[in-house]
Amino acid sequence: MKGAGIRQFFRNSRSFVLGAGIGSGMTARAAERAGADFVLALNAGRFRAMGGSSPASILPIRNCNEFVASFGRTEILPSTKLPVFFGACTFDPQLDLDRWLDRIIRWGFSGVTNFPSVIHIDDYRRSLLEKCGLGYARETELLVKAAKRGLMTIAYTRTQAEARRMVEAGAEAICINFNLNRGVESTSDPSISLSELAARTSAVARVAQSIDKSAICLLGGGPITKPDELLDICRETGIQGFIGGSSLDRVPLEMSVLEVTSGFKTIHLLREKVDLLERQLQLSGFRHGVIAQASSMKRILETTKRLAANPNPVLVWGEAGSGKRRIAGLVLAFSDRKHAKAALFQCRPGPAIDTLGALFGAERDETRRRQLSLLETSSDGAVLLLHVDQLSREGQERLADYLETGGFTPLNGIAVVRSTARIIATATVSRGAGLETVLCPRLLALFAGLDIELPSLPDRLEDLPQLIQHFTVEAKGDSRAQTLAIENSAFLALAGHDWPGNLRELRRIVNQLVTLRQTHITADVLRPLLDAQSHAKPSASLSEREWIIEGLKRNRLHRGKTARSLGLSRKTLYNKIKKLRILE
């Protein structure tokens, strides 16, 4: 690039060129990617990157040339393939222009510009520098010597007289710069308006081109901060390019940091709100879509998370209506397969080809085509087996084979088919019974330690108020619906009920209460719904002693609750406990 001259460079570039006055390697890389044609390593750019301002560039707070050399050589030159202009200052009386230019060439810079310049200093202080021989004439000498060494040069000018001097001295390109750049704040008024900038730029450009028609006139900085502002100036003045300082580094950086930081701050505030809502829900016992005020349910959720974290099969079991399907869904939601839709399979008794064919597949025969198995189609996901206890003995044995080996044989088939589908199953057991009553020994052993037992509703009475509120909202279809006003006597009746249908039965009761449209729910209103007398007598399968013991266990030995749930007076219950020697 050196030796070709800046006119040749501009002829090889686009009709409108863009230069970036910068102070860091990061900005150099960004400017190149954005399409800049050249960059200028300026001390003003470095001050802006350090959090200072462009006016600091004319203050005697650093050795300007050594300062520019330090970041220009180590950051900017290695960071871009664009031509890099060295912003040289001639204020230092000890500066040897020839020696310094030789060093600039040796370092690999493509050009030189006179920045900072006396044009940026007030008239009084500039006159002092001019008298000392450190004024604009010395800057002109710098650029002349640079051009003779084959460096491209751009001359910063402010007035018509300065433009005339530079062009007459042989400068091929001038940068018309009237003031340092405007701040990013909208309240920061520029020292020159856009209309005045256009008029003064046109006047300087006309002078330069009256001396040399091929003189290249660029506009530098000023109050321009937006592309549309530059477009208006270009139309009025005919300038051939723009050198941006603050408008290319500080203004976009500050605005980007402002916008991005504001965005992150907004996310932080939203996160705080979400956290607050989550804490409120947890305090009310609502976690992961499950009412869990009772300690037993909190343990269930922790177990669910733990078992979901590995690919092993999981069995969720409990009484009818205890919420097994919801917890089974949580296992999938907490797992690494949460984005895969689970295949649902309802286990039921019946002919093997109808009940097992869908799950394990079936080879073709004279009457049927080959049936593809659910385990095959869900190999990358999960299969949710509802009521695995209703699977036939043959089905349970086939499922055990799959859990042991990862393979299975379709009905009427011989070849083993493999799958990685995860099994999440539910099983229904009666109150007081165990899994051994519904599962074959092999399957029971495979689910050992991988099962979640759900408590019946009488064993999680702490959840009763929140459950009633939840089902009320569900029934009314309004998230803001107020909970039912249940009087103490009615609540005691609810707490003392046996709840053979668990959550399903409670939902049905709440739905009935909502339809009654009564302001207050009393025990008299509840009694017909609960049909308490149906539980007032011991089941035929239990002796009176077993019936009372079962009631005490269900109510955690609380005699008052036990008496109410059994439909006995407290005195009668005490007499029976003593007579039957239950607590001895």
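Higher on the page you've got the structure.
Per chain, residue numbering runs from 1 following the sequence as it is written. It should be noted that, the model being predicted, local features are given only for residues of pLDDT at least 70 and side-chain atom pairs only at 80 or more, the latter also being counted only at that level, while totals for whole chains, interfaces and linings use all residues. Side-chain numbers here rest on the full set of heavy atoms in the structure, without hydrogens or water.

## Things to note about empty space enclosed by the protein
Where empty space is left can be seen by rolling a probe of water-molecule size over the atoms. Only protein atoms enter the 1 Å grid used here. Points where a 1.4 Å probe fits but cannot escape make up a cavity, open sets with protein on both sides within 12 Å along at least five of seven lines make up a pocket, and a residue lines them when an atom lies within 4 Å of a point. Grid points are joined across faces, edges and corners, and a volume is the space filled by probe spheres set on the points. Applying the stated rule across the entire model yields two cavities of 30 Å³ or more. Reported here for the second largest cavity is a volume of approximately 30 Å³. As for the second largest cavity, its lining consists of Asn43, Phe47, Ser57, Leu59, Ile61, Arg62, Cys64 and Phe67. Secondary structure counts use DSSP, requiring at least four H or I residues in a row for a helix and at least two E residues in a row for a strand, with both numbered from the N terminus. Breaking the lining of the second largest cavity down by element, the ones donating at least two residues are helix H3 (43–49) and helix H4 (64–79). When its residues are assigned to classes, the lining of the second largest cavity shows five nonpolar, two polar and one charged. Each residue gets one of three labels, nonpolar for Ala, Val, Leu, Ile, Met, Phe, Trp, Tyr, Cys and Pro, charged for Asp, Glu, Lys and Arg, and polar for the others, Gly among them.

## So, the sheet that holds strand S7 (residues 216–220)
Taken together, the eight strands give a closed barrel; going around it, the order is S1-S2-S3-S4-S5-S6-S7-S8, and neighbouring strands pair in parallel fashion. Each adjacent strand pair in this sheet contributes to an overall mean axis angle of 25°, direction not counted. Two strands pair when backbone bridges link them, and strand S4 (residues 111–114) and strand S5 (residues 152–157) are joined in this way by three bridges, in the parallel orientation. Looking at S5, one finds that Thr113 is bridged to Ile154. The rule for pairing is simple: two strands pair if DSSP sees at least two bridges between them. For helices, the fitted line uses only the C-alpha atoms of the stretch in contact; every axis is such a line through C-alpha atoms, and the angle between N-to-C directions lies from 0 to 180 degrees.

## Side note on the packing of H4 against helix H5 (residues 97–107)
Running from N to C, H4 and H5 point in directions that differ by 10°, and their axes come no closer than 11 Å. For the element pair H4 / H5, the angle class is roughly parallel. On H5, the residues that touch Asn65, Glu66, Ala69, Arg73 and Leu77 of H4 are Trp100, Arg103 and Trp107. In terms of residue class, the contact of H4 with H5 is made up of four nonpolar, one polar and three charged. Roughly parallel means an angle under 35 degrees; roughly antiparallel, over 145; roughly perpendicular, 65 to 115; everything else is oblique. Contacts: residue pairs with any heavy atoms within 4.5 Å of one another.

## Digging into the pairing of strand S12 (residues 343–346)
Of the two faces of S12, the one holding Ala343 and Phe345 is buried and the one holding Leu344 and Gln346 is not buried anywhere. In the sheet, S12 pairs with strand S13 (residues 382–386) via four bridges, with the strands oriented parallel. Across the sheet, residue Phe345 finds its bridge partner in S13, namely Leu385. Relative accessibility thresholds used throughout: buried, under 20% of the residue-type maximum; exposed, over 50%; partly exposed, between the two (1.4 Å probe, protein chains only).

## Overview of the pattern of salt bridges
Salt bridge criterion: a side-chain nitrogen from Lys or Arg within 4 Å of a carboxyl oxygen from Asp or Glu. The full count for this structure, using the stated rule, is 20 salt bridges. Linking Arg460 and Asp463 is a salt bridge whose minimum nitrogen-to-oxygen distance equals 2.9 Å. Taking the relative accessible area as the measure of exposure, Asp463 reaches 0% and is therefore buried. The structure contains a network of salt bridges with shared partners spanning Asp98, Asp102, Glu141, Lys145 and Arg149.

## A few points about the side chain of Asn65
Take Asn65: it is sitting in helix H4. The exposure class of Asn65 is buried, given its relative accessible area of 5%.

## Thoughts on unusual backbone geometry
Following Phe115, the chain continues into Pro116 via a peptide bond in cis, with omega recorded as 0°. Tracing the chain through its elements places Pro116 in the loop between S4 and helix H6 (123–131). A positive phi angle is found at Asn412, which is not glycine, with a value near 65°. For Asn412, the location among the structural elements is in the loop between strand S14 (407–408) and strand S15 (417–418). Of the residues examined, Asn412 reaches a relative accessible area of 57% and is grouped as exposed. With a phi close to 55°, Asn502 is a non-glycine residue in the positive phi region. Considering the arrangement of structural elements, one finds Asn502 in helix H21 (residues 502–516).

## Observations concerning helix H7 (residues 136–148)
A helix is expected to reach a length of 1.5 Å times the quantity of its residues less one. With 13 residues, H7 extends 19 Å between its outermost C-alpha atoms, agreeing within 8% with the 18 Å of an ideal straight helix rising 1.5 Å per residue. Taken together, the buried positions of H7 are Tyr136, Arg138, Glu139, Thr140, Leu142, Leu143 and Ala146. In this structure, the buried residues of H7 make contact with strand S3 (84–88), H5, S4, H6, S5 and helix H8 (160–168). One or two residues past the end of H7 sits Gly150, with phi positive at roughly 90°.

## A short note on the pairing of S13
With five of five residues buried, S13 is to be regarded as a mostly interior element. Because side chains alternate across S13, one face comprises the buried residues Ala382, Leu384 and Leu386, and the other comprises Val383 and Leu385, equally buried. Note: S13 against strand S16 (residues 422–428), four bridges, orientation parallel. Bridge pairing links Val383 to Ile423 in S16.

## Examining the sheet that holds S12
Sheet strands pair by backbone hydrogen bonding; their relative direction is either parallel or antiparallel. Spatially, five strands are ordered S12-S13-S16-S11-S17 in an open sheet, and the strand pairing comes out parallel. With partners counted over all chains shown, the strands left at the sheet margins are S12 and strand S17 (451–453), one partner each. Sheet twist, expressed as the mean angle between neighbouring strand axes with direction ignored, is 15°. Sitting on the sheet, helix H12 (residues 295–308) touches strand S11 (314–318), S16 and S17, and the angle it makes with S17 is about 170°.

## Quick word on the environment of Val84
Its location among the elements puts Val84 in strand S3. Assessed through its relative accessible area of 2%, Val84 is described here as buried. Residues Val84 and Phe38, spaced 46 residues apart in sequence, show a C-alpha to C-alpha distance of 6.1 Å. Leaving out residues up to four positions away in the same chain, Val84 has contacts with Val39, Ala41, Ile76, Leu77, Phe109, Ser110 and Gly111.

## Some thoughts on the packing of aromatic side chains
For Phe, Tyr and Trp, rings pair up if their centres lie within 6.5 Å, where Trp contributes its six-membered ring, and each pair is then called stacked (planes under 30 degrees apart), edge-to-face (over 60) or tilted (otherwise). Going through the model one piece at a time under the given rule, you end up with ten aromatic pairs. Among the aromatic side chains, those forming a connected cluster through ring pairs are Phe86, Trp100, Trp107 and Phe109. Note on geometry: a ring has a charge over it if NZ (lysine) or CZ (arginine) is within 6 Å of the ring centre and within 35 degrees of the ring normal. Above the plane of the ring of Phe67 lies Arg62, whose end atom (NZ or CZ) is 4.4 Å from the centre. The ring of Phe360 carries Arg398 above its face, with NZ or CZ at 6.0 Å from the centroid.

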